[in-house]
Protein chains: 2
Amino acid sequence: MSTREPHTAAILLIGDEILSGRTQDANLAHISRKLNEVGVQVREARVVPDIEAEIVAALDALRARYAYVFTTGGIGPTHDDITADSVAAAFGVACDYHPEAYAMMEATYPPGEFTEARKRMARTPVGASLIPNPVSKAPGFRMENVFVMAGIPRVMHVMLEGALPLLEGGARMLSRSIGVYLPEGRFGTALAALQSRFADVAIGSYPFARDGKYGASLVLRSPHPPRLDEAAEAVRVMLIGIGGEPFDEESP
Amino acid sequence: MSTREPHTAAILLIGDEILSGRTQDANLAHISRKLNEVGVQVREARVVPDIEAEIVAALDALRARYAYVFTTGGIGPTHDDITADSVAAAFGVACDYHPEAYAMMEATYPPGEFTEARKRMARTPVGASLIPNPVSKAPGFRMENVFVMAGIPRVMHVMLEGALPLLEGGARMLSRSIGVYLPEGRFGTALAALQSRFADVAIGSYPFARDGKYGASLVLRSPHPPRLDEAAEAVRVMLIGIGGEPFDEESP
């Protein structure tokens, strides 16, 4: 029996370039939002360097706990692309050319251009199934509950679209966002009381400064629309009661 | 004796809003680059939700292994700001008003405006030292090797500046970036051979598309300038040998 939390996922970003600050990750937020649309909640994310032992350790921790793990990065043609080998090591299988991937890629390149480096991109852990890549051909792959995707956002996006129908989701998390030009210190205690009253609705407060004015976005999250609406109304009433003028924001 | 890896750090981003995709993190890259300037290398990052047990588990794993841990988020005045309590729990100490922080903040607000919610921001684990916040007063804090900072980037930035002089760094990692309009599949094997020859220089290849042309940035990293220059020259010679026209890019 699996002890994985159903309808949950973790994201594993692989690459020295993210840890060094060279590359600003933009994949986490995209994956999270897309997974929520099919009822899968991202519960944790990690960033690890291009070191096999680190990738394996993170994969093993995450795939044991969450229903799904989505990785990005490290599946290109160069020596620092070691994700396929690392996933194979985590699952205790060999990493070898995937016949279907190899044949498809061989057919894609003109004669003589399916180089040794490009052949690397046809390697997967033995037993993996492919995730199509309509953008640049070299596929991602799935190994049990681990989905391995490219790091380049536009390639990752199409791979993720291919993976989404394979997931078993639960209720989609819905949200309401209420903005107010009041400092958090003015409503924090009252908001905490509302959180206690609506314990089944997750309430977050995110301060902002816009046009030189300070305020906050109060974000309510729950899979149950009536409960969400009830809590949102209670938040509005509370804010008006202390002199605020709450306004609806686009739901995050 | 500590088994922590010297001159290393981990980053712990705390907050549901990052995992849900509502907020795009911009702190990781900034912290990484600033730490590298003082010779501290970020080796791992994690993102956890606003759940005390999750924060504690991540903190304990990271603070045992790396010389420093930097957290962002969860130190504001609202009920979902639970970082101070979580750090206290990780260290097995109480979380209480820090006398210096309390006095400073009390003096900052007009009479009657140092609300219960704002007082929350004066709480730290017992024994913590403060990290000043010239922007919005409420301080961050340090508990042993853990530095706790705000999630709002402009506040985090000034807290980090205050923390940097306290760190013991090693050699700063230097880098060279060489661009070339060749697909990675053309030079991948030759680059792997150079990585073997310069095993002490970390070489990464990052593909890009600019103005409709495909290419890659080859990034070399080492603390030793002569070795870095030698490897960079070898990379240039290799690229020219296969018909490329390498150009220097701004070092990342």
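Scroll up for the structure.
Every chain is numbered on its own, with residues counted from 1 as its sequence reads. The naming scheme follows written order: chains are lettered A onward, ligands numbered 1 onward. In keeping with the model being predicted, local features are shown solely for residues with a pLDDT of at least 70 and side-chain atom pairs are shown and tallied solely at 80 or more, while totals for entire chains, interfaces and linings include all residues.

## Details of the sheet that holds strand 2 (residues 41-48) of chain A
So, point 1. Two strands form a pair only when DSSP identifies at least two bridges running between them. Helix and strand definitions here come from DSSP, where helices need a minimum of 4 consecutive H or I residues and strands a minimum of 2 consecutive E residues; each element is numbered from the N-terminal end. The mixed open sheet is built from 12 strands, whose spatial order is 6(A)-7(A)-8(A)-3(A)-1(A)-2(A)-2(B)-1(B)-3(B)-8(B)-7(B)-6(B). The sheet terminates laterally at strand 6 (129-131) of chain A together with strand 6 (129-131) of chain B, the two strands that pair on one side only. Within the sheet, the average angular offset between the axes of one strand and its neighbour, ignoring direction, is 20 degrees.
So, point 2. Any residue pair is listed as a contact if its two C-beta atoms, each placed from the backbone, are within 7 Å. Axis lines are fitted through C-alpha atoms, for helices just across the contact stretch, and the angle between N-to-C directions can take any value from 0 to 180 degrees. Sheet strands touched by helix 7 (residues 153-163) of chain A: strand 3 (66-72), strand 6, strand 7 (140-143) and strand 8 (146-149) of chain A. Its angle to strand 8 of chain A, the strand with the most contacts, is close to 155 degrees.
So, point 3. In the packing of helix 7 (residues 153-163) of chain B onto the sheet, the strands contacted are strand 3 (66-72), strand 6, strand 7 (140-143) and strand 8 (146-149) of chain B, and the crossing angle to strand 8 of chain B comes to about 150 degrees.

## Focus on the relation of the copies chain A and chain B
So, point 1. The copies are overlaid by a least-squares fit using only the C-alpha atoms of residues whose pLDDT is at least 70 in both copies. When chain A is brought onto chain B, the operation consists of a screw motion whose angular component is 180 degrees and whose axial shift is 0.0 Å, with 0.0 Å RMSD remaining. Accordingly, the operation relating the two chain copies is best matched by a two-fold axis. In terms of proximity to the rotation axis, the leading residue of chain A is A:Arg46, whose C-alpha is 2.1 Å off the axis.
So, point 2. Looking at the interface residues of chain A, 100% of them are also at the interface in chain B, so both copies use one shared face.

## Describing the environment of A:Leu194
Residues and elements named next belong to chain A.
So, point 1. Relative to the helices and strands, Leu194 resides in helix 8 (residues 184-197).
So, point 2. Each C-alpha atom of the pair Leu194 and Leu218 lies 12 Å from the other, and the pair is 24 residues apart in sequence.
So, point 3. Contact partners of Leu194, with chain neighbours within four places excluded, come to Ile203, Ala234, Val235 and Met238.

## Remarks on the interface of chain A and chain B
Quite often, the size of an interface is put as the accessible area lost when its parts meet.
So, point 1. Across the boundary between the two partners, chain A contributes 47 residues, which contact 47 residues of chain B.
So, point 2. Listing elements by their share of the side of chain A that touches chain B, those giving two or more residues are helix 1 (16-19), helix 2 (27-37), strand 2, helix 6 (116-120), helix 8 and strand 10 (202-210) of chain A.
So, point 3. Gly is put with the polar residues, along with every residue not named as nonpolar or charged; the nonpolar set is Ala, Val, Leu, Ile, Met, Phe, Trp, Tyr, Cys and Pro, and the charged set is Asp, Glu, Lys and Arg. Its residues assigned to classes, the side of chain A that touches chain B comprises 18 nonpolar, 16 polar and 13 charged.
So, point 4. In terms of strand pairing, strand 2 of chain A meets strand 2 (residues 41-48) of chain B through 3 bridges, oriented antiparallel. Looking at the pairing, A:Val47 lines up with B:Ala45 of strand 2 of chain B.

## Thoughts on the packing of helix 3 (residues 52-65) of chain A against helix 4 (residues 83-91) of chain A
Residues and elements named next belong to chain A.
So, point 1. One way to put it is that helix 3 packs onto helix 4 with a least axis distance of 9 Å and a crossing angle of 55 degrees. One finds that helix 3 runs oblique with respect to helix 4. Judged by the twist between their axes, the crossing of helix 3 over helix 4 is right-handed. On helix 4, the residues touching Glu52, Ile55, Val56, Leu59 and Asp60 of helix 3 are Thr83, Asp85, Ser86, Val87, Ala89 and Ala90. The cut-offs work like this: below 35 degrees is roughly parallel, past 145 is roughly antiparallel, 65 to 115 is roughly perpendicular, and the gaps in between are oblique. Left-handed describes a crossing whose near helix is turned anticlockwise from the far helix through less than a right angle; right-handed describes the clockwise counterpart.

## Structural notes on the sheet that holds strand 12 (residues 247-249) of chain B
Residues and elements named next belong to chain B.
So, point 1. Pairing in this open sheet of 4 strands is antiparallel, and the strands run 10-11-9-12 from one edge to the other. Edge strands, defined here as strands with exactly one partner in the open sheet, are strand 10 (202-210) and strand 12. Here the strands of the sheet are splayed against their neighbours by 30 degrees on average, with no regard to which way each runs.
So, point 2. Here helix 8 (residues 184-197) sits on the sheet in contact with strand 10 and strand 11 (213-222), set at roughly 165 degrees to strand 10.

## What about the packing of helix 8 of chain A against helix 9 (residues 225-241) of chain A?
All names here are of chain A.
So, point 1. Running from N to C, helix 8 and helix 9 cross one another at 155 degrees; their axes reach a closest spacing of 10 Å. Comparing their axes, helix 9 and helix 8 come out roughly antiparallel. Helix 9 is crossed by helix 8, and the crossing has right-handed handedness. Contacts between helix 8 and helix 9 involve Phe187, Ala190 and Leu194 from the former and Ala234, Val235, Met238 and Leu239 from the latter.

## Focus on the pairing of strand 10 of chain A
Residues and elements named next belong to chain A.
So, point 1. For strand 10 and strand 11 (residues 213-222), the ladder comprises 9 bridges, and the chain directions are antiparallel. Bridging across to strand 11, Arg210 finds its partner in Lys213.
So, point 2. Taken together, strand 10 and the strand that follows it, strand 11, pair antiparallel across an intervening segment of 2 residues, in which Asp211 is found at a positive phi of about 50 degrees.

## A word on the environment of B:Lys34
Residues and elements named next belong to chain B.
So, point 1. Looking at the element boundaries, Lys34 is found in helix 2 (residues 27-37).
So, point 2. We classify Lys34 as partly exposed; it has 18 C-beta atoms within 10 Å.
So, point 3. Separated by 206 residues in sequence, Lys34 and Ile240 place their C-alpha atoms 34 Å apart.
So, point 4. Among residues more than four places away in sequence, those in contact with Lys34 are Leu160 and Leu164. Backbone-placed C-beta atoms define the burial measure: a residue is buried with 20 or more other C-beta atoms within 10 Å of its own, exposed with 12 or fewer, and partly exposed in between.

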